[in-house]
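One letter stands for each residue in the lines below.
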Amino acid sequence: MGMPAIIRRTAFRMDPERAHEAALRALQVGSPLLMPAKGYMATRDASVHQRLMGLDFAGPVGLAAGYDKYGRAVRAWGRLGFGFAEIGTVTARAQPGNPRPRLFRLVDDEAIVNRMGFNNDGAAVTARRIAAAREGSGAGIPIAINIGKSKVTPLDDAPADHVASYRLLRGVADLVVVNVSSPNTPGLRELQDRDHLTAILGALRDEDASMRARDGRAPMPFLVKLAPDLPDAQIEDAVDLAGELGLAGVVLTNTTISREGLTNPADPAAAQQGGMSGPPLRARADEATRIAARRASGDLVIIGVGGIMDADQAWDRLASGASLVEVWTGMVYRGPTIARDITTGLVDRMRREQVGHISELVGSALAGGG
Ligand SMILES: Cc1cc2nc3c(=O)[nH]c(=O)nc-3n(C[C@H](O)[C@H](O)[C@H](O)COP(=O)(O)O)c2cc1C
C-alpha cells in the first residue's frame, strides 16, 4: 500500500515541521483522503489481539511519542489501525521547545534528525484536550501518556515535576510512559541512572497509591523509556530496577545521538544537532530489545521502537522480545497506512508460517541465546 506519490512529493517539498503539522491537521479533521470510513483502516484479527497490563490491544502497532505531542488527533489513531497511541511528551508546564528549524529529513536513509525540545501545551491544557477527545466513542484504543521533565525544572526536582503532570493527566491515561531519554532537554538523560529513576518512579507510584486510596481505581501501568545510547549494562540495570519498582514495562528506544549506520553520512541534515530516528537506528534498537528481554523477569512488557518501517521488521522486533511495537519515522516515509500495512502483513505472515497467535512470536528469536 503505502502513500500516494503525489502526497509524498508535496509533503517532501514542504518544510518538515510544516508538513508534519499539515498531516496532523488532516488527521484531526478526519480528511476523507486519509480516512475513507470509520473503522476502514482498523484490523481486527484475533491472532494479533493481546491483553497486556490489564488492557486490550487489538493490534501490536502503536504510534510512538512525539508525533501527537499536543493530543490533537487522539480519535484518529485507532481508525488508522493503530493498536494504541502514545501522546506527548507532555511536561508539567507549557513550553515552546527549541527554535525552528528543529526537524530534518535524511531522505536517502529514510531517517530524521530532530531537536524539538518538548514543545507542548503543558499537562493541564493537554489533559483537557484529551478528555474531550475521549468522550463518547472516544479513542477506541489504549492511550499512553508520555510525561517528561519541564525544561526549567532542575534535575533534582524532577520527581515533583512528574507528579504534578501525573495528577493532571491520570484521568485520561490508560498507561503512562516516563521519558528520561530525550537528547533534546539538557541533562535529561542523566535521569536514567538508578537514583534518579528510583526517585521519579517511586514518587509516581506513591502518588498513584494515594489517589487510588481515594477513588479505588486500578493501579496505573507505568513504563520507562530508555535511550539506545546507554551501555548494555545500564539497560540491564534499568530493567532490573523496573522489576524492583513494579513497573509494567520498558519502551526501547528513543532517538540516538549517534550518526552510525547512515548510507549517506554526507547529508547536511546528519550534521544537525539532535536525535536520529528511522532505519539507521534499527539494529541498536533491536539489540536493546533483546538485552532487555533476556534480562526481564515475569510479566514486564517490552515496547520496541526504532527504525521499524514494515511488517518484516516489526516481526523481527517481536521475535526479539517486544510484545508491542511503535512507529514515528515510518509515518513520514511510508505514510498513514503504515499501522494497517504492518498489522495485516504480520497476520498474513503468521498464517503462512503457521504461528497461531502473536504471543508465540514474541521472544521467539531469543531461544537458545540466539
Ligand atoms: C520529530 C520527533 C519527535 C519526537 N518526540 C518525542 C517525544 O516527545 N517523546 C519521546 O519519548 N520520543 C519522541 N520521539 C522519539 C520517538 O518516539 C521514537 O522513539 C524514535 O523516533 C524511534 O522510532 P522511529 O525510528 O520509528 O522514528 C520523537 C521522534 C521524532 C522523529
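Scroll up a little and you will see the structure.
For every chain, the first residue of the written sequence is number 1, and numbering continues from 1 along that sequence. It should be noted that, the model being predicted, local features are given only for residues of pLDDT at least 70 and side-chain atom pairs only at 80 or more, the latter also being counted only at that level, while totals for whole chains, interfaces and linings use all residues. To obtain the side-chain values, all non-hydrogen atoms of the structure were included, while hydrogens and water were left out.

**Notes on the environment of Ala144**
Test applied: Per the convention used, a helix needs a DSSP run of H or I reaching at least four residues, while a strand needs a run of E reaching at least two, with both numbered from the N terminus. Two residues qualify as a contact provided that any one of their heavy atoms is within 4.5 Å of a heavy atom in the partner residue.
Residue position: Ala144 is located in strand 7 (residues 143-147). A sequence separation of 80 residues divides Ala144 from Ala64, and the C-alpha atoms of the two residues are 9.6 Å apart. Leaving out residues up to four positions away in the same chain, Ala144 has contacts with Ala85, Glu86, Ile87, Leu175 and Val177.

**Overview of the nonpolar core**
Stated formally: Take the buried residues of types Ala, Val, Leu, Ile, Met, Phe, Trp, Tyr and Cys, join any two whose side-chain atoms come within 4.5 Å, and each joined set is a nonpolar core. Only protein chains enter the accessibility calculation, which uses a 1.4 Å probe; a residue whose area is less than 20% of its type maximum is buried, one above 50% is exposed, and one in between is partly exposed.
Core analysis: the largest hydrophobic core is formed by 105 residues, its most contacted members being Met53, Trp77, Phe82, Ile145 and Leu204. Ranked by the residues each element gives to this core, the list is headed by helix 11 (residues 338-352), at six residues. Excluding residues that lie within four positions of it along the chain, Leu204 makes contacts with Ile147, His162, Val163, Tyr166, Val178 and Phe222. Counting eight residues, the second largest nonpolar core, distinct from the first, contains Phe104, Ala111, Ala269 and Met276.

**Points about the site of the ligand**
The line we're drawing: Any residue with a heavy atom lying within 4 Å of a molecule or strand is counted as near it. Under the rule applied, a polar contact is a pair of N or O atoms within 3.5 Å (in protein, one hydrogen donor and one hydrogen acceptor; residues adjacent in sequence only if both atoms are side-chain atoms). For every accessible area listed, the method is Shrake-Rupley and the probe measures 1.4 Å; residues are considered covered only by the protein chains on display.
Close to the ligand lie 24 residues, the nearest being Ala65, Thr89, Lys225, Gly307 and Thr329. Between the ligand and Lys225 there is a distance of 2.8 Å, counted from an oxygen atom to a side-chain nitrogen or oxygen. The contact in question runs from an oxygen atom of the ligand to an N or O atom on the backbone of Gly307, over 2.7 Å. Protein contacts shield 98% of the accessible area of the ligand, which totals 610 Å² for the unbound molecule.

**A few points about the layout of surface pockets**
Rules: Cavities and pockets were defined on a 1 Å grid built from protein atoms only: a cavity is a group of points that admits a 1.4 Å probe but offers it no way out, a pocket is an open group of points flanked by protein on both sides within 12 Å along at least five of seven lines, and a lining residue is one with an atom within 4 Å of any such point. Grid points are joined across faces, edges and corners, and a volume is the space filled by probe spheres set on the points. Residue classes follow a fixed rule: Ala, Val, Leu, Ile, Met, Phe, Trp, Tyr, Cys and Pro count as nonpolar, while Asp, Glu, Lys and Arg count as charged, and any other residue, Gly among them, counts as polar.
There is about 670 Å³ of room inside the largest pocket. In terms of lining residues, the largest pocket is bounded by 45 residues, among which Ala65, Gly66, Tyr67, Lys69 and Trp328 are the most central. Contributing elements (two or more residues each) for the lining of the largest pocket: helix 2 (16-29), strand 6 (111-114), strand 13 (324-327) and helix 10 (329-334). At six residues, the largest contribution of residues to the lining of the largest pocket is made by helix 2. Residue classes in the lining of the largest pocket are distributed as 16 nonpolar, 20 polar and nine charged.

**Looking at the packing of helix 8 (residues 282-295) against helix 9 (residues 311-319)**
A pair of packed helices can be characterised by two numbers: the angle between their axes and the separation between those axes. Applicable threshold: An axis is simply a line fitted to the C-alpha atoms; with a helix, the fit covers only the stretch in contact. Between two such axes, the angle follows the N-to-C directions and lies from 0 to 180 degrees. Any angle between 65 and 115 degrees counts as roughly perpendicular, while under 35 counts as roughly parallel, over 145 as roughly antiparallel, and the rest as oblique.
Direction vectors running N to C along helix 8 and helix 9 enclose 30°, while the axes themselves pass 9 Å from each other. Taken together, the axis directions place helix 8 and helix 9 in an arrangement best described as roughly parallel. In contact with Arg282, Ala285, Asp286 and Thr289 of helix 8, helix 9 contributes Gln313, Asp316 and Arg317. Of the residues that constitute the contact of helix 8 with helix 9, the class distribution is one nonpolar, two polar and four charged.

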